[in-house]
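A look at the structure
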Amino acid sequence: DQQVKQNSPSLSVQEGRISILNCDYTNSMFDYFLWYKKYPAEGPTFLISISSIKDKNEDGRFTVFLNKSAKHLSLHIVPSQPGDSAVYFCAAPSGTYKYIFGTGTRLKVLA
Amino acid sequence: GAGVSQTPSNKVTEKGKYVELRCDPISGHTALYWYRQSLGQGPEFLIYFQGTGAADDSGLPNDRFFAVRPEGSVSTLKIQRTERGDSAVYLCASSLNPAGSTDTQYFGPGTRLTVL
């Protein structure tokens, strides 16, 4: 039973355009969400998070939107840059520490 | 400052052998976590330490897997009688403290384990 789902395994975007990565969850008890970015041969790196009391959190080129009624969140990257090419994971803590990760979306930003 | 480090970066072993994977967390972080990432999947929780004790080992797949953190800093994940299905990237993470769900976990680069 996958509680956090990323249904798009890959995404290609032209440099300068917007990248939108999606994530769905099934557990209505989740109250905090994170996005991690992962380059090959490196560990996941924290990118941005959002609490369920908000519907939007912005940090530079990265914005995460949360739609609680739809149990859906999305990560927007504007403008996309070639260095953003990586695998992006959304995650939610189950309890206080056990992160539940999605399967990831591989983003490729084309120069 | 230094991040989470893991050694070795790669480990190739034969089926049935014993392996140890090491994690050195960020200095001062009391909470330490082990995850396993199989091909095409996201990281999956294995075990969580608060200080020296394993507060939650519910993610360990079976009793061939064991982890220790004797002095509350470095941790070792031990796998006995390795099987081909154990092949994966083993990730370690640490956080300052897990008191709330908003405490960010910082990951190491992982150890890629290959069981032949």
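Placed above this text is the structure.
Note that the structure is a prediction, hence the values are computed from the model and not measured.

Residue and element names in this part refer to chain A. Counted according to the given criterion, the structure contains two disulfides over all chains. Put simply, Cys 23 and Cys 90 are joined by a disulfide, and their sulfur atoms are 1.8 Å apart. Around the S-S axis, the bridge from Cys 23 to Cys 90 shows a dihedral of about 60 degrees and counts as right-handed. Of the two residues, Cys 23 is situated in strand 3 (residues 19-25) and Cys 90 in strand 9 (residues 86-94); the sequence distance between them amounts to 67 residues.

On to the interface of chain B and chain A. Counting from both sides, the interface comprises 23 residues of chain B and, opposite them, 19 residues of chain A. Here chain B meets chain A over a buried area of about 1700 Å², counting both sides, of which 58% is carbon and sulfur. If you look at where chain B meets chain A, you find one salt bridge. With its nearest N and O atoms 3.6 Å apart, the salt bridge here joins Asp 56 of chain B to Lys 98 of chain A.

Counting across every chain of the model gives 14 aromatic pairs over all chains. Judged by centre distance (6.3 Å) and plane angle (90 degrees), the rings of Phe 30 of chain A and Phe 33 of chain A are edge-to-face. By way of ring pairs, the aromatic residues Tyr 36, Phe 46, Phe 89, Tyr 99 and Phe 101 of chain A together with Tyr 35, Phe 45 and Phe 107 of chain B are connected into one cluster.

Residues and elements named next belong to chain B. Ordered by their spatial adjacency, four strands build an open sheet running 1-3-8-7, and the pairing between neighbours is antiparallel. One side of each edge strand has no neighbouring strand; the edge strands of this open sheet are strand 1 (5-7) and strand 7 (65-68). Sheet twist, expressed as the mean angle between neighbouring strand axes with direction ignored, is 15 degrees. In the sheet, strand 7 pairs with strand 8 (residues 75-79) via four bridges, with the strands oriented antiparallel. Its bridge partner being in strand 8, Phe 66 is matched across the sheet by Lys 78.

What counts and how
Residues numbered from 1 in each chain as written. Chains lettered and ligands numbered in written order. Predicted model: local features only at pLDDT ≥ 70, side-chain atom pairs only at ≥ 80, totals over all residues. Heavy atoms only, no water. Disulfide = S-S within 2.5 Å. Helix = DSSP H or I, 4+ residues; strand = E, 2+ residues; numbered from the N terminus. Contact = heavy atoms within 4.5 Å. Buried area = accessible area lost by both parts, 1.4 Å probe. Salt bridge = Lys/Arg side-chain N within 4 Å of Asp/Glu carboxyl O. Phe/Tyr/Trp six-rings, centres within 6.5 Å; stacked < 30°, edge-to-face > 60°. Pairing = 2+ DSSP bridges. Axes fitted to C-alpha atoms, helices over the stretch in contact; angles between N-to-C directions.

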